[in-house]
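Letter by letter, the chains look like this.
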Amino acid sequence: MKKTLALFLTLLMVISAAAFAGGCTGAPAAEPTAAPSASTAEPTVEPTQEPKNTIDTVIVGTTAEILSANRSEYSFDVISGTLSQLAPVWIDETGAYQPLLCDYATGDSRVWTLTVREGMAWHDGEPVTAEDIRFTLEYLDEQSGGGYADAYAGIRVLDERTIELELAAPNPRQLASLTTLRILPKHIYDGVADYTTVENERANIGCGPYRFVRFDAAAGVAEFAANAAYPDGAPAAEHVLLQLFDSEDTMYMALKAGQIDMVYKYSGGVNPAVIADLEACADLTLLPVANTANSAVLIFNNSAEPFTNAAIRRAVAKAIDYAAFRATFGSAYAVASRAGFVPEGTYGYVETPVLERDLDAAKQLLQEAGCTDLDGDGVLEYNGNKLTFPVMLRGDKPAHQRYAELLKNNLAEVGIEMTLDVREVADFRELTEQQRAQTAVITGLTAYGMSMKQGLAALYLFGENPMGYGQVYDEGYRALLDRADAAADMDAYLAVAADIQNYYAETLPAVALFWDAHVQAYNSRFDGFVVDGTFGILNVQTWMHLTENG
């Protein structure tokens, strides 16, 4: 369980309670909770240039659960990937791929050449090599059962810094799989049977603009210090502190009180319920970021009754009060979702019909599907049974339960009875990913997940994928995904992307309840934030461009 430092929270609650109720202190950010400590990952080589830090400390608040600072822990791996661990490439807010650890090139979208950028070194002074990339792909296959090296027909190290990755067929979107692939140092992991056993200090030797310093689980603080030897120059802030919070309310109070400098949620933004209050604070800046995630969705099991019947899927979609979802759960930036399921910020997005409530149309569709209320109790019968279905959702996501309650009320108006099947995370994953026992799920989909496989939510909808909640096996859909796989260039991919969205609009395998921007919030004395298409405003480019006003 995360805990924030007792003294920090005691002072914070006193200072912040009044601030959250109506005003902002404008106070500078708090000093680090402890003096920066020495790290066993200290570089053993001299910096290539003098440090150029202009900011002492940036404190990032998050409610992500982190119990240990190890790569094997999901939330820590995500956040360390924006500071100390580098992927080969990153994606900008336009959807274009940019070099990060590596430059890249391809002539045919089948053979991709990665070249480690000159000067890239691990935090212990060892150079980053092409062999590290090869090792990472093969080692992660061993650790996870595949999905890395086995995705390639060939892997060839050409020289110390250059590697070729050969695909069985052209894929112009192959770089999407490299935006979150954190390269491992072979000299640390080679011969380690279980990568989770590497002690945190060595496990966190990365090659990014910051090096890991410490993690204090009791205080809820992770500390990173600037890597002066980073080839692009030292980052703007000398220290970055990650402050963990058990509650959003406390975190937002800390932001308003000037105790932290920004808040961060991977593939998300600030809670829409507090946006108006934060906007009223002159000391804060709110930045809406285009959302390529799908953070509030209803996904049908298209291979299970009653949702094998397309008319019932369409009827459910017509019964949903989308305006109420936006008003209840969305921010001022929320917009109507569309039948094509793919959010507006997605590369290759096309307009499909807006999802709107139409109860008369919903009732007509149900009648056409053979649904009638035989006993007059208000619940329709379908194929001799009550038109009742459970929706599965995670118990650690309170917002999802609130979505489900509103949806339940919406569907009752047309004679459909929905029940809530709330599960612990492990049970949810076992039942949906292994047993495929769901009838429908309410969940959120990350930007990275939306871009995986063929992109366009294929990871979550195609039945043969491990997270294929939608259980769509339709041959027409399979053919579209095959076309996406066969696309030799982006023009061909964009053409099939449009067809896939139109397929979703026609068959409705899933419904986006609403679309909203991921609103980022930070102290207004900072400027220079850069948007990463996967990680939002917490990313390497931000740390290199951040400035402090006055």
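Preceding block: the structure.
What counts, and at which threshold
- Residues numbered from 1 in each chain as written.
- Predicted model: local features only at pLDDT ≥ 70, side-chain atom pairs only at ≥ 80, totals over all residues.
- Heavy atoms only, no water.
- Disulfide = S-S within 2.5 Å.
- Buried < 20%, exposed > 50% of the residue type's maximum accessible area, 1.4 Å probe, protein only.
- Axes fitted to C-alpha atoms, helices over the stretch in contact; angles between N-to-C directions.
- Helix = DSSP H or I, 4+ residues; strand = E, 2+ residues; numbered from the N terminus.
- Parallel < 35°, antiparallel > 145°, perpendicular 65-115°, else oblique.
- Left-handed = near helix turned anticlockwise from the far one by under 90°.
- Contact = heavy atoms within 4.5 Å.
- Nonpolar A, V, L, I, M, F, W, Y, C, P; charged D, E, K, R; others polar.

(A) Inspection of the state of the cysteines at higher detail. Considering all chains together, one arrives at 0 disulfides under this definition. In this model Cys-102 remains outside any disulfide bridge; the closest cysteine sulfur is found in Cys-207, 8.7 Å from its own. Using a relative accessible area of 0% as the deciding quantity, one classes Cys-102 as buried. Residue Cys-207 is classed as buried on the basis of its relative accessible area, which comes to 1%.

(B) Highlighting the packing of helix H9 (residues 322-329) against helix H11 (residues 398-412). Put simply, H9 and H11 touch, their axes get as near as 11 Å, and they point 150 degrees apart. In terms of orientation, H9 and H11 fall into the roughly antiparallel class. The handedness of the crossing between H9 and H11 is right-handed. Across the interface between the two elements, Ala-324, Phe-325, Thr-328 and Phe-329 from H9 touch Arg-402, Tyr-403, Leu-406, Leu-407 and Asn-410 from H11. Tallied by class, residues from the contact of H9 with H11 come to 6 nonpolar, 2 polar and 1 charged.

(C) Structural view of the environment of Gly-449. Tracing the backbone through its elements, the reader meets Gly-449 in helix H13 (residues 447-451). Exposure remark for Gly-449: the relative accessible area of 4% places this residue in the buried category. Taking the C-alpha atoms as reference points, Gly-449 and Asp-527, 78 residues apart in sequence, are found 29 Å from one another. Those residues in contact with Gly-449 that sit more than four places away from it in its chain are Leu-459 and Tyr-460.

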